[in-house]
Amino acid sequence: MMKKTILMAAAAAFVLTSCEKKAENVETQEPVSVVDETHDSHEMAATESWVGTYAGTLPCADCPGIETEIMLHHDNTYMKSEKYLETEGENELKEDGTITWNADKTQFTLTPNGDKAPASFKVSEGKITLLNADGTEVTGETAETYVLVKK
């Protein structure tokens with residue numbers, strides 16, 4: 001019985017000593033920073049802020065508006081659904097395609113799979129804004145009608 005008690009005390013002392021040394025080593029080690037060279041920090045920050053679903057009603061030339069929802073994905077693809085308000089016939093359209101970014105990641109172009117025309121947007125915190133064909137923002141009284149808000 002005495003041998004068993006001594007053996008258990010020795011094992012406990014060994015475990016406690018091991019834990020204390022580990023704690024000492026952790027405290028004296030300097031932090032290690034990990035760098036992922038395949039992504040720059042700007043790109044990573046931008047990825048986190050723009051990914052998601054945006055919705056709103058965009059202007060329409062011959063109807064009260066187009067209910068629009070765009071889902072932007074991490075892999076630079078998108079899905080878009082549009083519903084033309086107060087129109088007869090086929091008034092709901094769906095498309096998917098790829099996202100192409102400008103150099104500073106403040107604007108992107110949606111290029112649909114198929115024969116539809118691409119559309120460009122400006123990215124802001126919590127919203128995207130449809131741009132004119134020349135890449136400029138719409139100004140004036142109707143400017144806010146070109147904005148889709150993140151859900």
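Before any of the text, the structure's been laid out above.
Note that the structure is a prediction, hence the values are computed from the model and not measured.

Student: So what's going on with the nonpolar core? Which residues, and what values?
Tutor: Counting 17 residues, the largest nonpolar core has Trp-50, Leu-72, Ile-99, Phe-108, Leu-110 and Phe-121 as its most contacted members. Secondary structure elements with two or more residues in this core: strand S1 (52-58), strand S2 (66-72), strand S4 (92-101), strand S5 (107-112), strand S6 (119-124) and strand S7 (127-130). Here this core takes three residues from S6, the largest share from any one element. In contact with Phe-108, other than residues within four places in its own chain, are Leu-72, Ile-99, Thr-100, Trp-101, Ala-119, Ser-120, Phe-121, Val-123 and Ile-128.

Student: Please set out the sheet that holds S2 residue by residue, giving values where relevant.
Tutor: Here eight strands make up a closed barrel; going around it, the order is S1-S2-S3-S4-S5-S6-S7-S8 and the pairing antiparallel. Neighbour to neighbour, the strand axes of the sheet diverge by 30 degrees on average, direction disregarded. Alignment of S1 against strand S8 (residues 147-150), held across two bridges, turns out to be antiparallel. Bridge assignment links Ala-55 to a residue of S8, and that residue is Val-149.

Student: Give me the lowdown on the state of the cysteines, citing residues and values where you can.
Tutor: For the structure on display, the rule yields one disulfide. What pairs with Cys-60 in a disulfide is Cys-63, and their sulfur atoms sit 2.4 Å apart. The S-S bond linking Cys-60 to Cys-63 shows a torsion near 120 degrees; that makes this disulfide right-handed. Judged by relative accessible area, Cys-63 falls into the buried class, the value being 12%.

Student: Lay out the packing of aromatic side chains in plain terms, naming residues and giving numbers.
Tutor: When we look at a pair of aromatic rings, we describe it by the centre distance and by the angle of the planes. Per the counting criterion, the structure on display carries three aromatic pairs. Centre to centre, the rings of Trp-101 and Phe-108 are 5.2 Å apart; their planes meet at 55 degrees, and the pair counts as tilted. Members of the aromatic cluster, each reached through a chain of ring pairs, are Trp-50, Trp-101, Phe-108 and Phe-121.

Student: Lay out the pairing of S6 with the relevant residues and their values.
Tutor: Regular strands place side chains that alternate from one sheet face to the opposite one. What you see with S6 is a clean split: Ala-119, Phe-121 and Val-123 sit on the buried side and Ser-120, Lys-122 and Ser-124 on the side with no burial. Summarising the sheet, S5 and S6 pair through four bridges and their orientation is antiparallel. Each bridged residue has a counterpart across the sheet, and for Thr-109 the counterpart in S6 is Ser-120. Pairing analysis gives four bridges linking S6 to S7, with the strands arranged antiparallel. Opposite Phe-121, over in S7, you have Leu-130 as the bridge partner. From the end of S6 to the start of S7, which pair antiparallel, there are two residues, and Gly-126 there has a positive phi angle of about 75 degrees.

Student: Describe the side chain of Lys-80, listing the residues and the values that go with them.
Tutor: Looking at the element boundaries, Lys-80 is found in strand S3 (residues 77-84). For Lys-80, the residues in contact, after removing those within four places along its chain, are Thr-68, Glu-69, Ile-70, Leu-93, Lys-94 and Glu-95.

Calculation criteria
Residues numbered from 1 in each chain as written. Predicted model: local features only at pLDDT ≥ 70, side-chain atom pairs only at ≥ 80, totals over all residues. Heavy atoms only, no water. Core = buried A, V, L, I, M, F, W, Y, C linked by side-chain atoms within 4.5 Å. Buried < 20%, exposed > 50% of the residue type's maximum accessible area, 1.4 Å probe, protein only. Helix = DSSP H or I, 4+ residues; strand = E, 2+ residues; numbered from the N terminus. Contact = heavy atoms within 4.5 Å. Pairing = 2+ DSSP bridges. Axes fitted to C-alpha atoms, helices over the stretch in contact; angles between N-to-C directions. Disulfide = S-S within 2.5 Å. Phe/Tyr/Trp six-rings, centres within 6.5 Å; stacked < 30°, edge-to-face > 60°.

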